[in-house]
Amino acid sequence: MNYCHVRLKSDVRCLPEALVENDADILAGPDVISRLPALPIPSHVTPSVSIPFYDDVQATLFGKELLYEEMEYSWEILKPFLETGLITLKSGLLPYKKGFCCQRCHTKTKKSFACFDCFRCGETCVYCRHCIMMGRISTCSVLLRWNGPAPNYHYNDNFQKWEGTFSKGQQKAATKIIDTIQEQANILVWAVCGAGKTEILFPGLEQALRIGQRVLITTPRTDVVLELLPRLRKVLPTTSIAGLYGDSEEKHIPAQLIIATTHQTMRFTSTFDTVIIDEVDAFPYTADHSLTQAVTKAKKQQAATIHLTATPTTTLKKRVNANRLPCVRIPQRYHGFPLPVPRFQWIGSWQRRIENRSLPASCNKWCQERIEQNIPAFLFVPSVAVLEKVTDLLKEQWPAVEGVHSGDQERLQKVNQFRKGSIPLLVTTTILERGVTIAGVDVAVFGAESAIFTESALVQIAGRAGRSKEQPEADVVYFHFGKTNAMAAAKRHITTMNRESNQKG
């Protein structure tokens, strides 16, 4: 479909060619939208609730930029919204130098674009491969944006229902977060694994929601979204909350509080008053500049930004040290007990052993002891290929053992079964290094010298253990074929936090 720039009274609107009247004053087009000049967003648009489907369209599109294919409404239904400026259209891709810039993920790298024969426009279209998982966006695609008022949320009903108490460190951080939200400022909350990062958000969230703010909690990992959703729904039972991730069925639910993967934030634009980035150092957020841009695009120009992590990146630390980013540290877990310190166990050439269909004796014994003593255990491995071999070897001895990785369609079910105790030991890649809490779990890393196990990964993995107040002690072991700097740094990181906790204790 082609598009036109049409003068309506004193304003210019972009409309699909099919909606343009015969006597319309056409200023540009009809043409593929990426070849038309960009139009400014209309200002001072008066809402018109008399338009059919007004509330539904507003709820679907408010704060977002969506492809037409993601909408459930025909152009005929959307026509009055377009003519009044309540909805505006813009090109999905725009020419940039000798290539293109995607208007959804903002990538400009030439290798991120490819061509295909497009049925819609009948031409050879360029599309963005970088954000293809969000739906194909091409040179003839349009993004629809809501330009009217926000939906009415029931702000006075946002009461938190949490009866816990804070440690001194938690109380200090919670107060700093409230101040940051009030001042629309930035802050880094550097808290050890198990410090209760989620709980310290509750007072700030309640305040932001009470005054009518729209809040985003975003994280690189789907597992963290799924962990946070039930907890926040329990604490904020009257708040409209939606969880967005790859397989989510809530992507069009209007909500005041959004909990989303960083990929899903690409759908939003200039809508959030407060943004909380949980696990800010996690892959792929730190490795994909388009994700940081997506989070920035989702915020209003004046907004609070709260970074949460146990393992801040070097860049964040530099900003803190240069006094460009305020920071509050929580070196102690909420229950007051120290972090389990990992021990190192040499296992020789484990690659050769598993190729010969056996596990190193010390690793096999560790698994056996956990299973026989009914101690839940994580066994982290460096790759999916290793996971499949190790899981098969363990299942030969203990059939209830399972393995999970990012591509496992049954991952969520397996984690729930592990949580309930029907799976005694779970072999996993680093996909579960964050955001998963299992009471009383022991943790081992198999092949800890592998490059995938960075300092932050090893710290986060160790942080899965000892999180329960009733079971604060746990065994954490790094099985290796040679110690690495990352292993030493992870152990030093943990002992330093424990020492700092004792000094402040």
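Placed above this text is the structure.
What comes next is a walk through the structure. Predicted model, so just to flag it, every value in this text is computed and none were measured.

### What about the overall build of the protein?
Piece 1. Of regular secondary structure, the protein possesses 14 helices and 23 strands.
Piece 2. A compact globule built from 505 residues would reach a C-alpha radius of gyration of about 23 Å, and the protein, at 26 Å, matches this within 12%.
Piece 3. Dimensions of the protein, computed from the C-alpha atoms along their principal axes, are close to 85 × 50 × 45 Å.
Piece 4. A fraction of 73% describes how many contacts in the protein between residues 6 or more apart in sequence connect residues 24 or more apart.
Piece 5. For the protein, the computed accessible surface area is about 22,800 Å², with 49% contributed by carbon and sulfur atoms.
Piece 6. Here the protein contributes 60 positive and 49 negative side-chain charges, whose respective centroids are spaced 8 Å apart.

### Focus on the pairing of strand β12 (residues 215-219)
Piece 1. Among the 5 residues that make up β12, 5 are buried, leaving the element largely enclosed by the rest of the structure.
Piece 2. Going residue by residue along β12, you find V215, I217 and T219 tucked away on one face and L216 and T218 tucked away on the opposite face as well.
Piece 3. Looking at chain direction, β12 and strand β14 (residues 257-261) are connected through 5 bridges and run parallel. Counted as the bridge partner of L216 is I258 from β14.

### Some thoughts on empty space enclosed by the protein
Piece 1. This structure, assessed with the given rule, holds 1 cavity of 30 Å³ or more.
Piece 2. Here the largest cavity is characterised by a volume of approximately 70 Å³.
Piece 3. Forming the boundary of the largest cavity are V192, C193, A310, R333, L339, P340, V459, A462, G463, H493, I494 and M497.
Piece 4. When residues of the lining of the largest cavity are traced back to their parent elements, those giving at least two are α13 (455-462) and α14 (485-504).
Piece 5. In terms of residues, the lining of the largest cavity owes the most to one element, α14, which gives 3 residues.
Piece 6. Broken down by class, the residue content of the lining of the largest cavity amounts to 9 nonpolar, 2 polar and 1 charged.

### Quick word on unusual backbone geometry
With glycine set apart, most residues show a phi of negative sign, and most peptide bonds adopt trans.
Piece 1. Of note, the bond from G29 into P30 is cis; its omega dihedral lies within 30 degrees of zero at 0 degrees.
Piece 2. Mapped onto the elements, P30 comes out in strand β3 (residues 25-31).
Piece 3. Positive phi, normally seen in glycine, also occurs at F53, with a value near 65 degrees.
Piece 4. Looking at the secondary structure, you find F53 in the loop between β3 and α1 (54-61).
Piece 5. Of note, the phi angle at R357 is positive, near 65 degrees, even though the residue is not glycine.
Piece 6. With respect to the helices, strands and loops of the structure, R357 is situated in the loop between α9 (350-355) and α10 (361-372).
Piece 7. According to the relative accessible area criterion, R357 is partly exposed, its value standing at 45%.

### Thoughts on the sheet that holds strand β23 (residues 476-480)
Piece 1. Taken together, 6 strands build an open sheet; the order of strands is β18-β23-β22-β19-β21-β20 and the sheet is parallel. Each edge of the sheet is formed by a strand with only one pairing partner; in this case those strands are β18 (343-346) and β20 (402-404). Direction aside, the axes of adjacent strands within the sheet are offset by 25 degrees on average.
Piece 2. As defined by bridge partners, strand β19 (residues 377-380) adjoins strand β22 (residues 442-446) across 4 bridges and the pair is classed as parallel. Its bridge partner being in β22, F378 is matched across the sheet by V443.
Piece 3. Where helix α11 (residues 384-397) meets the sheet, its contacts fall on β19, β20, β21 (425-428) and β22, and the angle it forms with β21 comes to roughly 160 degrees.
Piece 4. Here α13 sits on the sheet and contacts β19, β22 and β23; the angle it forms with β23, its principal contact strand, is near 140 degrees.

### With respect to the packing of helix α3 (residues 168-183) against helix α5 (residues 202-210)
Piece 1. Contact geometry of α3 with α5 gives a least axis separation of 8 Å together with a crossing angle of 25 degrees. What the angle tells us is that α3 and α5 run roughly parallel. α5 is crossed by α3, and the crossing has right-handed handedness. Between α3, through A174, I177, I178, I181 and Q182, and α5, the contact on the second element is made entirely by P203, G204, Q207 and A208.

### Here we look at the packing of helix α6 (residues 222-235) against helix α12 (residues 411-420)
Piece 1. At a minimum axis distance of 12 Å, the contact between α6 and α12 shows a crossing angle of 55 degrees. With respect to α12, the axis of α6 lies oblique. When the axes of α6 and α12 are compared, the crossing they make is right-handed. The residues of α12 that touch α6, namely those facing T222, D223, L226 and E227, are R411, L412 and R419.
Piece 2. Split into classes, the residues belonging to the contact of α6 with α12 amount to 2 nonpolar, 1 polar and 4 charged.

### Some words on the environment of P342
Piece 1. Structurally, P342 is set in the loop between β17 (327-330) and β18.
Piece 2. Looking at P342, the relative accessible area reads 2%, which means it is buried.
Piece 3. Counting along the chain gives 120 residues from P342 to A462, while the straight-line C-alpha distance between them is 6.9 Å.
Piece 4. Excluding its chain neighbours within four sequence positions, the residues that come into contact with P342 are V476, Y478, K491 and I494.

### Topic: the pairing of strand β7 (residues 99-102)
Piece 1. The pairing of strand β6 (residues 93-96) with β7 spans 4 bridges and is antiparallel. Opposite L93, over in β7, you have C102 as the bridge partner.
Piece 2. Connecting β6 to the next strand, β7, in antiparallel fashion are 2 residues, including K97 with a positive phi near 50 degrees.

How each quantity is defined
- For every chain, the first residue of the written sequence is number 1, and numbering continues from 1 along that sequence.
- Local features are withheld for residues below a pLDDT of 70 in this predicted model, meaning they are given only at 70 or higher, and side-chain atom pairs are given and counted only at 80 or more; totals for whole chains, interfaces and linings count all residues.
- Side-chain numbers come from the whole structure's heavy atoms, not from hydrogens or water.
- Secondary structure elements are defined from DSSP: runs of H or I of at least 4 residues count as helices, runs of E of at least 2 residues count as strands, and each element is numbered from the N terminus.
- C-alpha atoms define the radius of gyration in this analysis, and the globule rule sets the expected value at 2.2 Å times the number of residues to the power 0.38.
- Only heavy atoms matter for contacts: two residues are in contact if any of them lie within 4.5 Å across the pair.
- Working definition of accessibility: Shrake-Rupley area with a 1.4 Å probe, residue cover restricted to the visible protein chains.
- Counted as positive: Lys and Arg. Counted as negative: Asp and Glu, with His and the chain ends omitted from the count.
- All charge positions are set by atom: Lys at NZ, Arg at CZ, Asp at CG, Glu at CD.
- Throughout this description, buried means an accessible area under 20% of the type-specific maximum (1.4 Å probe, protein chains only), exposed means over 50%, and partly exposed covers the range between.
- At least two bridges found by DSSP between two strands are what make those strands a pair.
- The method works on a 1 Å grid over the protein atoms by themselves. A cavity is a set of points holding a 1.4 Å probe that cannot get out, a pocket is an open set with protein on both sides within 12 Å along at least five of seven lines, and residues with an atom within 4 Å of a point line them.
- Grid points are joined across faces, edges and corners, and a volume is the space filled by probe spheres set on the points.
- Each residue receives one of three labels: charged for Asp, Glu, Lys and Arg, nonpolar for Ala, Val, Leu, Ile, Met, Phe, Trp, Tyr, Cys and Pro, and polar for the others, Gly being one of them.
- Whenever a helix is involved, its axis is fitted only over the stretch in contact; in every case the axis is a line through C-alpha atoms, and angles between N-to-C directions fall within 0 to 180 degrees.
- For classification purposes, an angle smaller than 35 degrees is called roughly parallel, one larger than 145 roughly antiparallel, one from 65 to 115 roughly perpendicular, and anything else oblique.
- Note on convention: the crossing is left-handed when the near helix lies turned anticlockwise from the far helix by less than a right angle, right-handed when the turn is clockwise.

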